[in-house]
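Next come the chains, spelled out residue by residue.
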Protein chains: 2
Amino acid sequence: MSRTSPAEPAPARGEVARRRSGRPGHDADSVLRVAARVFNERGYDGTSMEDLARALGVTKSAIYHHVSGKTELLRRSLDLALDALFAVTREEASTTGPAIDRLENVLHGSVRVLVEQLPHVTLLLRVRGNTEVEKHALTRRREFDHLVADLVREGIAAGEIRDDVDPAVASRLLFGMVNSIVEWYKPDRGLDADELADSLSRIAFRGLRADGSA
Amino acid sequence: MSRTSPAEPAPARGEVARRRSGRPGHDADSVLRVAARVFNERGYDGTSMEDLARALGVTKSAIYHHVSGKTELLRRSLDLALDALFAVTREEASTTGPAIDRLENVLHGSVRVLVEQLPHVTLLLRVRGNTEVEKHALTRRREFDHLVADLVREGIAAGEIRDDVDPAVASRLLFGMVNSIVEWYKPDRGLDADELADSLSRIAFRGLRADGSA
DNA sequence: GGTTACCTACCGACCGTTCGTTAGGCGATC
DNA sequence: GATCGCCTAACGAACGGTCGGTAGGTAACC
């Protein structure tokens, strides 16, 4: 395949120092990390194993030493994202207190997860359900969405949230806003997850208009 | 290819009665309409010409009688969506009056376009820039986004929009909310474009919280 | 009311290429 | 020398696209 500009030649970068025995190079995790990035750049279906190999700085066949195939890379990435999102819904602040505060915590936590696991969540939000792996991820994602819709409904019932919008529509627009973050957020630009989540909360709960300030 | 459950067998449906001479069947427009739908269901890259042919109830080669190839179908769909969106920005209500009102008109009009041209706009929002056609569409879309960001900036400068959020972030979140509509909106369910646009405006400008009512 | 001309819609077979995946062996590091 | 990472070479299947030929339909002419 002719060694050409590896793009991500050696791993041994980021996170832990990772000391393994044997020949240095990629491992399953570093392959997954790069794969998720490339899947997002070109789309999952639009990414060939050859594309992936080029980004890793190895040949196609080397990838199969680390993972069983393209599908496994997708599944592991999607599971990672979903696990992190569901963890937010199990936090104490997401299960106790007024509905609107629980909703805000889920919102805030989702933004945090989205930023921390950006490539994986991005991939999750683009899944179309073509294969079994994708269908399974969509099912889990739908569960999450229902959880949020229920919070909005509770908030309306408690008089905390305006009742002149449909709860299903409101929750969808709300999370549309959150999810759209993956389309433009760049980690290295001085905008951290908490600032972003705060801006989002302000707009979502109090609106853009200047007079309704706080 | 053995005639199996055409899914969209004869056209001659919807819109105008369409009287053409010659053999009845599909034409370039009906092919485009079906293609856009299938592209959204399976993703552009995930859709083979064979998939398309099956959905049309014809063989692969018949498609090439109507269009030059898969790429042309994509280009025509994306252009359709972009043309409609830019038309909104040229409306009088988008160019005169207070910035916040112009912004609301663009918002409202975008929701309308999004609903009227759902499959084409959906496709546009999922483009990743893999090919030249996609890159060109992304460029045009970026122009549109800048236009909106400028409106938000103007609104802040005029004191009409809260100044405690970054204008770039605000406009992105705003249109993230709008664009997310393509992920769940179903035309045949009693929610029309204007109702939806109104709900969105309420949330966007006055917020979800009950007290800031209007 | 046949015949002819012409258009459009379509089929089946096939092309070259790229896809995801596999087999078996070599070299680096501890 | 055990472990691990990666290579070359190749596979069958699926891809987008091409080709020559065929069938359905309208309309003008006799």
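Structure's up top.
Residues numbered from 1 in each chain as written. Chains lettered and ligands numbered in written order. Predicted model: local features only at pLDDT ≥ 70, side-chain atom pairs only at ≥ 80, totals over all residues. Heavy atoms only, no water.

Caption draft 1: Broad picture of the overall build of chain A. Of the regular secondary structure elements, chain A holds nine helices and zero strands. Looking at chain A as a whole, 49% of its 214 residues qualify as buried. On chain A, roughly 10,300 Å² of surface is accessible, and the fraction owed to carbon and sulfur atoms is 50%. (Helix = DSSP H or I, 4+ residues; strand = E, 2+ residues; numbered from the N terminus. Buried < 20%, exposed > 50% of the residue type's maximum accessible area, 1.4 Å probe, protein only. Areas by Shrake-Rupley, 256 points an atom, 1.4 Å probe, with all protein chains shown as cover.)

Caption draft 2: Local environment of helix α8 (residues 167–179) of chain A. For α8(A), which comprises 13 residues, the first-to-last C-alpha distance of 18 Å matches the rise-based estimate of 18 Å (1.5 Å per residue) to within 8%. Within α8(A), 11 of the 13 residues are buried, which leaves the element mostly enclosed by the surrounding structure. Here α8(A) has its buried residues at A:Pro167, A:Val169, A:Ala170, A:Ser171, A:Leu173, A:Leu174, A:Phe175, A:Gly176, A:Met177, A:Val178 and A:Asn179. Contact partners of the buried residues in α8(A): α5 (99–116), α6 (118–126), α7 (132–157) and α9 (193–206) of chain A together with α8 (167–179) and α9 (193–206) of chain B. Where α8(A) begins, the capping side chain belongs to A:Asp166, and its oxygen is found 3.2 Å from the backbone nitrogen of A:Ala168. (Expected span 1.5 Å × (residues − 1). Contact = heavy atoms within 4.5 Å. Polar contact = N/O pair within 3.5 Å; in protein donor to acceptor, adjacent residues only side chain to side chain.)

Caption draft 3: Focus on the relation of the copies chain B and chain A. With an axial shift of 0.1 Å and an RMSD of 0.1 Å, the rotation relating chain B to chain A amounts to 180°. Here the copies are linked by what is in effect a two-fold axis. Taking the C-alpha atom as reference, chain B places B:Gly207 closest to the rotation axis, 1.8 Å from it. Comparing contact sets, 100% of the residues at the interface of chain B also lie at the interface in chain A, consistent with an isologous, same-surface contact. (Least-squares fit on C-alpha atoms with pLDDT ≥ 70 in both.)

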